[in-house]
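Each chain is listed here by its residues.
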Amino acid sequence: MDNFNLYFEIFAAVMGITYVTLEVLQKRSMWVMLFITSICYGIVYYITGLYAMMALQFYYIYMAISTFIVWGRNSRAGEKANQSSTGIEIRKLNPRVALASIGVSAVAFVALGFIFGLTDNPRPWIDSAAAVLSMLATYWLSKKYIEQWYVWIVCNAISIWLYISQGMWPTMILFVAYTIMSITGIFLWRKKGVVISD
């Protein structure tokens, strides 16, 4: 990896740390940072041949735009109803939603692992596992399910191994920070979270 690529990866990692900090605090601006981070990491993953993680960035871009809009509408609706916008809103994960989303994730993992195994991807199955778990956790985050943090911890552990194996040290450090922030997120959301209904 040449110096430009290394510096660009460092920049992307800094954007990622900013994003996850805003995520823990459940700030709507996190979706703007996710958009920026996803564009940066789309380029990084393309350069390194991690195609599942590269494809994941398109999903992140879609989620960043759509969830930014939805959270904005929900925030305005809450203000009109004179509801407090302070605190962290959380939802309880419905078992049917959990089973359905985990089932879809399992199918996506097998499909992506097979497809990217046909490319020059250096770690197609690990790459696919990290990408699919990230999609699941992001979907659960968009719905404000506290359980998303547990998925992130597993995903981050897999990702750390992936990035070590590829010598992607700035990104590996980012995912160590993500793991710490995920643990922080669990405690903060449990402490300050207000359960809301669907």
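The structure this text deals with has already been given above.
Quantities reported herein were computed from a predicted structural model and do not represent experimental measurements. (Residues numbered from 1 in each chain as written. Predicted model: local features only at pLDDT ≥ 70, side-chain atom pairs only at ≥ 80, totals over all residues. Heavy atoms only, no water.)

A word on the overall build of the protein. A count of helical and extended segments in the protein gives seven helices and two strands. Shown N-terminal to C-terminal, the secondary structure of the protein runs as helices and strands in the order α-α-α-β-α-α-α-α-β. Its C-alpha atoms give the protein principal-axis dimensions of about 55 × 35 × 25 Å. Counting over 198 residues, the protein shows a buried share of 46%. Residue pairs in contact within the protein that sit at least 24 positions apart in sequence constitute 74% of those at least 6 positions apart. As presented, the protein carries roughly 10300 Å² of accessible surface, and 70% of it is formed by carbon and sulfur atoms. Placing the 14 positive and 9 negative side-chain charges of the protein at their respective mean positions leaves the two points 13 Å apart. (Helix = DSSP H or I, 4+ residues; strand = E, 2+ residues; numbered from the N terminus. Buried < 20%, exposed > 50% of the residue type's maximum accessible area, 1.4 Å probe, protein only. Contact = heavy atoms within 4.5 Å. Areas by Shrake-Rupley, 256 points an atom, 1.4 Å probe, with all protein chains shown as cover. Lys, Arg positive; Asp, Glu negative; His and termini not counted. Charge placed at Lys NZ, Arg CZ, Asp CG, Glu CD.)

The next subject is the packing of helix α1 (residues 3-24) against helix α2 (residues 30-48). Relative to each other, α1 and α2 sit at 150 degrees, their axes nearing to 8 Å. Classified by the interaxial angle, the pair formed by α1 and α2 is roughly antiparallel. Regarding α1 and α2, the two cross each other, and that crossing is left-handed. Only Met30, Met33, Leu34, Ile36, Thr37, Cys40, Tyr41, Ile43, Val44 and Ile47 of α2 make contact with α1, whose side of the interface consists of Asn5, Phe8, Glu9, Phe11, Ala12, Ala13, Met15, Gly16, Thr18, Tyr19, Leu22 and Glu23. (Axes fitted to C-alpha atoms, helices over the stretch in contact; angles between N-to-C directions. Parallel < 35°, antiparallel > 145°, perpendicular 65-115°, else oblique. Left-handed = near helix turned anticlockwise from the far one by under 90°.)

For Gln148, the position within the fold is in helix α6 (residues 148-165). Other than its neighbours up to four places away in sequence, Gln148 contacts Glu23, Ala137, Trp140, Leu141 and Trp189.

Our next topic: α2. Residue pairs spaced three or four apart in an α-helix point in one direction, given the helix's 3.6 residues per turn. For α2, spanning 19 residues, the distance from its first C-alpha to its last is 26 Å, which sits close to the expected 27 Å at 1.5 Å a residue. Along α2, the residues classified as buried are Met30, Trp31, Met33, Leu34, Thr37, Ser38, Cys40, Tyr41, Gly42, Val44, Tyr45 and Thr48. Phi for Gly49, located one or two positions after α2, is positive at around 80 degrees. (Expected span 1.5 Å × (residues − 1).)

A few words now on the nonpolar core. Within the largest apolar cluster, 55 residues are counted, with the highest numbers of intra-cluster contacts made by Tyr19, Tyr45, Met53, Tyr163 and Trp189. Only α1, α2, α3 (51-80), β1 (88-90), α4 (95-117), α5 (124-142), α6 and α7 (169-192) provide two or more residues apiece to this core. Here the element with the most residues in this core is α3; it accounts for nine residues. Contact partners of Trp189, with chain neighbours within four places excluded, come to Glu23, Val24, Gln26, Ile88, Ile90, Leu141, Lys144, Tyr145, Ile146, Gln148 and Trp149. (Core = buried A, V, L, I, M, F, W, Y, C linked by side-chain atoms within 4.5 Å.)

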